[in-house]
Amino acid sequence: MDNSYHSTELLSERELQVIELIAAGLTNQDIAEKLEISKRTVDNHISNILSKTRTSNRVALVRWALQWGKVCLDQVNCCVLPKPQSA
C-alpha cells in the first residue's frame, strides 16, 4: 500500500461517509439504501475513493482510513480530546 496521501486529492464529505460505511461492513447495496442513492453511484464513489487513496480494494481502503484517522471503529483509532482539568 502506498503510504502517501496528497492534499490535492481531498475526499469529499460523501466519500468520507462511504468509507465509514465500508468500514462498518456494509455492502454497496446497503450503502446505497442508507444514503438514498443508487448502487451505481456508490460504485462510482468507491472507484473514485480507491483512486484518490491509491488503494486496490476495500480491505486496503479500510487500513488506509484507519492509518490516516478517517474512520473510528469500536472506539479504536478515535481522537478523544482531553478533559479539562479542574482548578
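The notes below deal with the structure included here.

The rules behind these values
Residues numbered from 1 in each chain as written. Predicted model: local features only at pLDDT ≥ 70, side-chain atom pairs only at ≥ 80, totals over all residues. Heavy atoms only, no water. Helix = DSSP H or I, 4+ residues; strand = E, 2+ residues; numbered from the N terminus. Buried < 20%, exposed > 50% of the residue type's maximum accessible area, 1.4 Å probe, protein only. Contact = heavy atoms within 4.5 Å. Areas by Shrake-Rupley, 256 points an atom, 1.4 Å probe, with all protein chains shown as cover. Salt bridge = Lys/Arg side-chain N within 4 Å of Asp/Glu carboxyl O. Polar contact = N/O pair within 3.5 Å; in protein donor to acceptor, adjacent residues only side chain to side chain. Core = buried A, V, L, I, M, F, W, Y, C linked by side-chain atoms within 4.5 Å.

1. Focus: the overall build of the protein
Phase 1 of the analysis: Looking only at helices and strands, the protein has four helices and zero strands in total.
Phase 2 of the analysis: The order of helices and strands in the protein, counted from the N terminus, is α-α-α-α.
Phase 3 of the analysis: Residue burial in the protein is summarised as follows: out of 87 residues, 30% are buried.
Phase 4 of the analysis: Considering only intrachain contacts with a sequence separation of at least 6, the fraction spanning at least 24 residues in the protein is 55%.
Phase 5 of the analysis: For the protein, the exposed surface amounts to about 6,100 Å²; the carbon and sulfur share of it is 50%.

2. Brief notes about the pattern of salt bridges
Phase 1 of the analysis: Going through the model one piece at a time under the given rule, you end up with two salt bridges.
Phase 2 of the analysis: In this structure, Glu-15 engages Lys-52 in a salt bridge whose closest nitrogen and oxygen atoms are separated by 2.9 Å. On the criterion of sequence distance, the pair formed by Glu-15 in helix H1 (residues 13-23) and Lys-52 in helix H3 (residues 39-53) is long-range, its members being 37 residues apart.
Phase 3 of the analysis: Overall, the relative accessible area of 4% leaves Glu-15 in the buried class.

3. Considering the side chain of Asn-28
Phase 1 of the analysis: Note on placement: Asn-28 falls in helix H2 (residues 28-35).
Phase 2 of the analysis: Judged by relative accessible area, which is 17%, Asn-28 ranks as buried.
Phase 3 of the analysis: Within the structure, Asn-28 has its side chain in polar contact with the side chain of Asp-43 (distance 2.7 Å).
Phase 4 of the analysis: One polar contact links Asn-28 to Arg-58, side chain to side chain, over a distance of 2.5 Å.
Phase 5 of the analysis: Among residues more than four places away in sequence, those in contact with Asn-28 are Lys-39, Val-42, Asp-43, Ile-46 and Arg-58.

4. Quick notes on the environment of Val-18
Phase 1 of the analysis: Mapped onto the elements of the fold, Val-18 is located in helix H1.
Phase 2 of the analysis: Each C-alpha atom, one on Val-18 and one on Ile-49, is 8.9 Å from the other, the two residues being 31 residues apart in sequence.
Phase 3 of the analysis: The contacts of Val-18, once residues within four sequence positions are left out, are Ile-31, Leu-35, His-45, Ile-46 and Ile-49.

5. A look at the nonpolar core
Phase 1 of the analysis: Ranked by size, the top nonpolar core spans 19 residues in total, and within it Val-18, Ile-19, Ile-22, Ile-31 and Leu-61 carry the most contacts.
Phase 2 of the analysis: Counting residues per element, the ones that place at least two in this core are H1, H2, H3 and helix H4 (58-67).
Phase 3 of the analysis: No other element matches the six residues that H1 contributes to this core.

These values are about where atoms sit, not about what they do.
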